Structures are given as structure tokens and as C-alpha cells.
2 protein chains.
Amino acid sequence: MADYQFGNIENVKEGDKFVNRQALRDAGIHLAPVAGIDGNPRVGAPSIVLNGGYVDDLDLGDEIIYTGHGGNDPSSKKQIKDQSWDATGNKALIVSEMQGLPIRVTRGFKHKSKFSPKEGYVYGGLYYVTDHFEEKGKNGFVICRYKLEKVSPSETWQNLVKKELPLGNENSKRIATEVLRIVRDTKLSKEIKKLYNYECQICGTTISVRGARYAEAAHIKPLGKPHNGNDQPGNLICLCPNHHVMFDKGVFAIENDLSLVGIEGSLSLHKNHTIEKSNFDYHKEHIFINE
Amino acid sequence: MADYQFGNIENVKEGDKFVNRQALRDAGIHLAPVAGIDGNPRVGAPSIVLNGGYVDDLDLGDEIIYTGHGGNDPSSKKQIKDQSWDATGNKALIVSEMQGLPIRVTRGFKHKSKFSPKEGYVYGGLYYVTDHFEEKGKNGFVICRYKLEKVSPSETWQNLVKKELPLGNENSKRIATEVLRIVRDTKLSKEIKKLYNYECQICGTTISVRGARYAEAAHIKPLGKPHNGNDQPGNLICLCPNHHVMFDKGVFAIENDLSLVGIEGSLSLHKNHTIEKSNFDYHKEHIFINE
């Protein structure tokens, strides 16, 4: 099984050109020889190639509405039946969405957009899958669609915090949004979540779509100033979004015997997971607000 | 009662100078004549002034570790007892944190930092309260502390997505983090959440710290391309973080009779809240993934 690498590939920059799919493969950008979606439902999708295979693709540069795979007639390449969320690549893209994994985007010469090369392939940088939804495509069959948003150095924090979402046609108004909460993730966070199979260590909840699971990892002693907690398994727990907010905001704390204070319950611990107890003490003393 | 305005004040730019507190008040920046924290636990804290009142304040420019109020001797201004999370301004700051409200920060001439003016006051722009915690202060008493992070145009999305959090002293390593999820908010989102008193319309859950409540508002037909849902009460519901993730990712949908499909349960509806049923249909058809 291919050993997939997520994120940028060393020595490949955005805008780099490749003569054909084999060159993309040799560079480690996209391993699948033909398929537009690299990866599988176990690890997610590290890369996609847009090359005109699906008439419904919409490419706005920093934002792409991408069509999943399946339903095309092998010879005419026209869509002749519905796509399915169970198709390997479609499932892989949902895993990428639920787990916040970056996706490499490459555009080929057959892809119709102003960002496509005249010949060969051009690497377009990293995107996140931020949404998936179902539609009737131009050919009248169900298509699985994904919204990809660029991880872009040109977008400022200001834009992110006060983003104006465009609506419909250009004359309609825009909606100002603000960021209420940002959930961060680290490499080790992903590993801890996997260890617990994305089940909350407090309530057992997992959020699952077609087997793609979502959970959040909390640093017991928070990262960054002024707490300076570390990013180690001994400082990480796997929680559902509700318990994550509650823990971070100090609604409850965890005692050394794993019972909770502030709310009912206790923390389950995997036999291969050892927590540094002093982190519980730190959280209880500094973050927990005893009402 | 003062009519507090949150966010930037028209015609006041970052860096603008004010001769005294009265001038700040006249400009609408900070209404309280003496207190460092403007606002109250009902609405949150629209503004703070740093002016040397608390020895533990730490000002790194884009990040401020701010000390709550209370515990100081009125004459010597030295801290002589513990601060309390129940003090009006301290509670107001937690409300701002839980509800993601922006705070105006002004620095006075008595505040010790390289960002302070030599005389008078200087407006320092908008910040978010991103954390609160408890510590023993330099004077040996408990202090309520808040981390404020600047809403800054200089910080790029790239930085935000791959942020490196510094640890302890400068020789220790940095931790690369990625954004897993961003929860956005609009003006109307805040109103819908208030209408439901921050209780989830599905499970009744609310997340509360000292009376400051947290919930999330979901747009039934999503905002932005390609869905182009509107930001109106008829397209908004108040959910806990868990049900919000599940709804956005299509784990369940809502029928016109308010029963759920995909999971057990139903949606409660406030008598003053009318939902545009076609939004339920859109969500069910396009976002919900029937397993």
C-alpha cells in the first residue's frame, strides 16, 4: 500500500510544472497513475488532480468546488449514473475534511479554468476540504461535491476574522462573519485521536459520517504563552467538541484518580496512554473555575 | 444603563491619541470614567484601558496577559487580597471570551510597555479574549488573568493555519499547529443564541462558566458559495458544538415537523422564532448524508 505523505513535498513549490502524470508521481505529488483523487478512506486524500474529467468542477482559484468520482461511462466519459459517497476517493475526501488534513491540488491542461496550464500539469498548492454536499450535476445525475479552500499566505487574519461571504450573483449583499472559535490540531493530536478511535474519553461520543470520524484533542496544560504546556501524549486527551470547550474554559477539571470535578463522570484511559499527572494539577489550579 | 458598542468606533483609528480619560469617553472608546474594564456581565466588555494599575500585566503587543480587577487597597493601590471571578469586570471579560466579542484596547501613559504613550492614551485596536486562568500574582494573592490576542491585519492566514507556539524560554522548541475547525459567527447568530439562552435546540445543553454561556449558531442552508444561504432568523438555529458539527457534516437532517432524521430526537422551537422550511429541505437534500 502506498505510503502517503500529506502537505507540501520538499523541493516542490506552488507553480512548478510537470510534463505528465508520471512526472507528478515521480515528484511524490500524486501517486495514483490515473485517478483524480489520491489516497483511501483509511488515511484520507493527500492530493487531487483536476483535469477536465467532470463538467461540474468550478475553479475560483482560492476556492474550488470539486466533483467526486464515479458514474462516468468508461468510453464516452459522460456521466451516466449517480455518484456514491461510498466510492473510495469520495470517502477519502470526507476523511480529509473531518480530520482537517491538507490536500495538494494540481491542475492539468484539460481542466477549464484561468489557472490551468496550456500543457502538462501545474502544482497549485495546499487546500483544505471545508464542506461536502450533494447535487444534481449538469448531466442530470447525483454528484458528490466538495468545497476546497486554499491555505493561502495572501489571506490575512483580518480577512479571516471579518470575512464577507459573497451571496449568489454579484449584486446581492455580502455577510460579515467573525471567528468565534478556532480548533487547533498538531501531529500528536492526530495520533491521540486515532488511539481512541475518535471517541471522547469522557462521554464516548464520536461524530461519524460514512466512517470518517471527528474528535478534538485537548492539551491539558495549554500550549503557548503563558502556560507553555508541551505537545506530548502525557499532555493530550481526546474529547468531543462539547467536552473540549468545557475543559478549555474551566467548567470541569480532572483529578489524579481520573474522576471529574465540576461535572459528573470520569476520564477513560487507554492502556497505552500515560498522562503526566502534573498537567492535571496545573489545569485544575489555573484553568478550572470552581463555582 | 450605558449603550455599549462593540468593535471599532467610526472615525477612530489604531494609533489615535487622547489627552485623558474624558477624551476617550467622548470619542465613545471607553465609557467608564475610572475602571479599566468597560461593560458588564450582561453584555460583555467592549473595552479595556491598561494604565499601570496591576503589576502583573504583561504586554507583548499582539498578545496581552491582562489582570482582572479587585483586591487592591484603595489608597496604596497595592494588592492586599485575592481577586474574584465574580467581580463585574472579570465576569464581563469571560462573557466576551465565551461569545467571541472584540475588545478595544487602549494604553495609558502609566502602563509600562514599549507600546505605551509618554503622555495621555493611545488606542491600540481590537483584540479577542482567547483564554482565562488563575494565578498567584507578584504580590502573593490570587489574580484573574486573561489572554488577549490581536485581531491583526499583519498576521496571515498562513501563520494562523500553521502557527508555531513558542514555549517557555527562547531556546525551547516551537510547536506547529494547524486549524482543524473554524466556528464563525454573525450579528444575527448572536441574537439567535441569545433568544435560546445559549441552549442547544436539540439536546438543551449549554456550556456555562460563571453565568457566561457558550453555544454556536448554525446556518441551515450554509452561507457562502455555492449554497448561498442567507443570514436571517429563518435560516439559523442554536446548537451545542457537538450537534453543530454533526449538522454541518450531514450526520442528521431536520424534517418539516421538526423531527430528526439520521439521529433520534427533535428540534425545539421558540415561539418567536420562525424557520423558513425550504432551508430544511435544502439541507436534507444537499448536506445530509443518508447512511
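As the structure is a prediction and not an experimental result, all values here were calculated from the model.

Student: Looking at this structure, I do not really get the packing of aromatic side chains. What am I missing?
Tutor: The geometry of an aromatic ring pair comes down to the distance between the two centres and the angle between the two planes. Within this structure, the stated rule accounts for 6 aromatic pairs over all chains. Taking the centre distance of 6.2 Å and the plane angle of 80 degrees together, the rings of phenylalanine 109 of chain A and tyrosine 121 of chain A count as edge-to-face. With a gap of 12 residues between them, phenylalanine 109 of chain A in the loop between β5 (102-108) and β6 (121-136) and tyrosine 121 of chain A in strand β6 connect regions that are remote in the sequence. When the ring of tryptophan 85 of chain B is compared with that of tyrosine 146 of chain B, the centres are 5.7 Å apart and the planes differ by 80 degrees; the resulting orientation is edge-to-face. Here tyrosine 146 of chain B lies in strand β7 (residues 142-150) and tryptophan 85 of chain B lies in the loop between β4 (63-67) and α2 (88-99), a separation of 61 residues in the sequence.

Student: Would you take a moment to explain the relation of the copies chain A and chain B for this structure?
Tutor: Each copy of the chain is related to the other by a rotation around an axis and a translation along that axis. Superposing chain A onto chain B takes a rotation of 180 degrees combined with a translation of 0.0 Å along the rotation axis, leaving an RMSD of 0.1 Å. Interpreted geometrically, this transformation is the action of a two-fold axis. When the interface residues of chain A are mapped onto chain B, 100% of them again lie at the interface, so the same face is used by both copies.

Student: Help me understand the pairing of strand β2 (residues 47-50) of chain A in this model?
Tutor: Strand residues, when the strand is regular, have side chains that alternate between the two faces of the sheet. Residues and elements named next belong to chain A. By the alternation rule, side chains of β2 split into Ser47 and Val49 and Ile48 and Leu50, which are all buried. Two elements, β2 and β5, share 4 bridges in a ladder whose sense is parallel. The residue bridging valine 49 from the neighbouring strand is threonine 106, located in β5.

Student: Which parts of the structure should I look at to understand the confidence of the model for chain A?
Tutor: Regions with low pLDDT should not have their predicted coordinates read in detail. Residues and elements named next belong to chain A. On average, residues of chain A score 87 in pLDDT, and 91% of them are at 70 or above. Per-residue pLDDT stays below 50 along residues 153-162; that stretch engages in 35 contacts with residues further than four places along the chain or on separate chains. Here residues 167-171 scores under 50 on pLDDT; set against residues more than four positions off or in separate chains, the count is 7 contacts. Here the predicted complex carries an ipTM of 0.81, next to a pTM of 0.81.

Student: I keep staring at unusual backbone geometry and nothing clicks. Help me out?
Tutor: Peptide bonds are mostly trans, and most non-glycine residues show a negative phi. Of note in this structure, asparagine 197 of chain A is not a glycine but carries a positive phi near 55 degrees. What makes asparagine 197 of chain A partly exposed here is its relative accessible area of 38%.

Student: Hey, could you run me through the state of the cysteines in this one?
Tutor: Each disulfide is one covalent bond, formed between the sulfur atoms of two cysteines. Residue and element names in this part refer to chain B. In this structure the tally under the stated criterion is 0 disulfides over all chains. In this model cysteine 240 remains outside any disulfide bridge; the closest cysteine sulfur is found in cysteine 203, 3.8 Å from its own. With a relative accessible area of 3%, cysteine 240 lands in the buried category.

Student: For this particular structure, what's the right way to read α2 of chain B?
Tutor: Because the α-helix completes a turn every 3.6 residues, residues three or four places apart line up on one side. All names here are of chain B. Helix length check: α2 (12 residues) gives 17 Å between terminal C-alpha atoms against 16 Å at 1.5 Å per residue, within 8%. Those residues of α2 not exposed but buried are Gly89, Asn90, Ala92, Leu93, Ile94, Val95, Ser96, Glu97, Met98 and Gln99. Where α2 ends, the next residue or the one after it, glycine 100, has phi of about 65 degrees, a positive value.

Student: Even after reading the chapter, I still don't get the packing of helix α5 (residues 241-248) of chain A against helix α5 (residues 241-248) of chain B, so can you show me in this structure?
Tutor: Interhelical geometry of α5 of chain A versus α5 of chain B gives an angle of 140 degrees and a closest axis separation of 6 Å. Contacts between α5 of chain A and α5 of chain B involve Pro241, Asn242 and Val245 of chain A on the former and, on the latter, Pro241, Asn242 and Val245 of chain B. Classifying every residue of the contact of α5 of chain A with α5 of chain B gives 4 nonpolar, 2 polar and no charged.

Conventions and cut-offs
- Residues numbered from 1 in each chain as written.
- Chains lettered and ligands numbered in written order.
- Predicted model: local features only at pLDDT ≥ 70, side-chain atom pairs only at ≥ 80, totals over all residues.
- Heavy atoms only, no water.
- Phe/Tyr/Trp six-rings, centres within 6.5 Å; stacked < 30°, edge-to-face > 60°.
- Helix = DSSP H or I, 4+ residues; strand = E, 2+ residues; numbered from the N terminus.
- Least-squares fit on C-alpha atoms with pLDDT ≥ 70 in both.
- Contact = heavy atoms within 4.5 Å.
- Buried < 20%, exposed > 50% of the residue type's maximum accessible area, 1.4 Å probe, protein only.
- Pairing = 2+ DSSP bridges.
- pLDDT = per-residue confidence, 0-100.
- Disulfide = S-S within 2.5 Å.
- Expected span 1.5 Å × (residues − 1).
- Axes fitted to C-alpha atoms, helices over the stretch in contact; angles between N-to-C directions.
- Nonpolar A, V, L, I, M, F, W, Y, C, P; charged D, E, K, R; others polar.

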